[in-house]
Amino acid sequence: MKKISILLFLSIFSQAIYSQDYKVGDHELLAMPTAYTMPAGNAYFTDYELILLNYSYAISDRTHLGIFTLFPFTIDFIETFSIGVKQNYYQDENLAAAATLTLTPKNDFLTLGNVISYKFNKASFHLNLNYLKSYSSSENLAENDEILVGIGTKINTSKSIALIMEYYSSSEILSFKETGGLINLGLRISSEYFSSDIGFFRPIQNDMGDDFIAFPFLKFSYYFH
């Protein structure tokens, strides 16, 4: 579960719809990136859970550059500072694909990702793979390699409202060394410049307790264009 959380944290902002189709928030679902990018010269700022901050700028119709960090309420925020790029390398009417690269220098993390997105009528479907490599000299590198698999969908119920679902699992889960995963469910409300996501996320484990339901999820994005 710890590895899933780290991978999810690092992949949140490695996100990047093709220029004429883009609507605020389309670069990602709740936390998972999509293959879509903003038009050149546009940018977005996102605040996750009030304490995680992301700013990304489109240097072309298919390329995003971004930074991601904890809110600087403590000096330790520098340990989470990450830089990344998202490159859309295929786009047609329904199918899109993008590669992502994220570097977290302070923690010696490198994340490589690929996401495929498919649109059909009012729905979109997404598959995301992320490979995390740790370059810490004090640990066995092979043991720190990890893969995060994410699947998600967004269903537009109206022009400004969408339902979103995501599920994440790690390579340990896929190899049956671990059970569980992480599920996110939410509602997106959007306009020309703003989008707000509200929902919840829950680890799928047997040790969460009988009274536990889910953690709240809140995200706010502003689109500069």
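See the structure shown above.
Residues numbered from 1 in each chain as written. Predicted model: local features only at pLDDT ≥ 70, side-chain atom pairs only at ≥ 80, totals over all residues. Heavy atoms only, no water.

Below, the discussion takes up the overall build of the chain. A count of helical and extended segments in the chain gives three helices and 12 strands. Taken over 225 residues, the chain has a buried fraction of 45%. Here the chain has roughly 11100 Å² of accessible surface; of this, 65% comes from carbon and sulfur atoms. (Helix = DSSP H or I, 4+ residues; strand = E, 2+ residues; numbered from the N terminus. Buried < 20%, exposed > 50% of the residue type's maximum accessible area, 1.4 Å probe, protein only. Areas by Shrake-Rupley, 256 points an atom, 1.4 Å probe, with all protein chains shown as cover.)

Let us look at the sheet that holds strand S1 (residues 43–48). Strand order in the closed barrel formed by 12 strands is S1-S2-S3-S4-S5-S6-S7-S8-S9-S10-S11-S12, with antiparallel pairing between adjacent strands. Pairs of neighbouring strands in the sheet enclose a mean axial angle of 20°, with direction left out of account. As defined by bridge partners, strand S5 (residues 95–104) adjoins strand S6 (residues 109–120) across 10 bridges and the pair is classed as antiparallel. Residue Ala 97 lies in a different strand from S6, and its bridge partner there is Ile 116. (Pairing = 2+ DSSP bridges. Axes fitted to C-alpha atoms, helices over the stretch in contact; angles between N-to-C directions.)

Here Thr 80 is to be found in the loop between strand S3 (63–70) and strand S4 (82–91). A polar contact of 3.0 Å, which involves the side chain of Thr 80, links it to the backbone nitrogen of Leu 70. (Polar contact = N/O pair within 3.5 Å; in protein donor to acceptor, adjacent residues only side chain to side chain.)

With respect to the helices, strands and loops of the structure, Gly 113 is situated in strand S6. As a C-alpha pair, Gly 113 and Lys 86 span 27 residues in sequence and 9.0 Å in three-dimensional space.

For strand S8 (residues 146–156) and strand S9 (residues 161–170), the ladder comprises nine bridges, and the chain directions are antiparallel. Bridging from a neighbouring strand, Gly 152 pairs with Glu 166 of S9. Counted between consecutive antiparallel strands, the loop separating S8 from S9 contains four residues. Examined bridge by bridge, S9 and strand S10 (residues 182–190) share eight bridges and lie antiparallel to one another.

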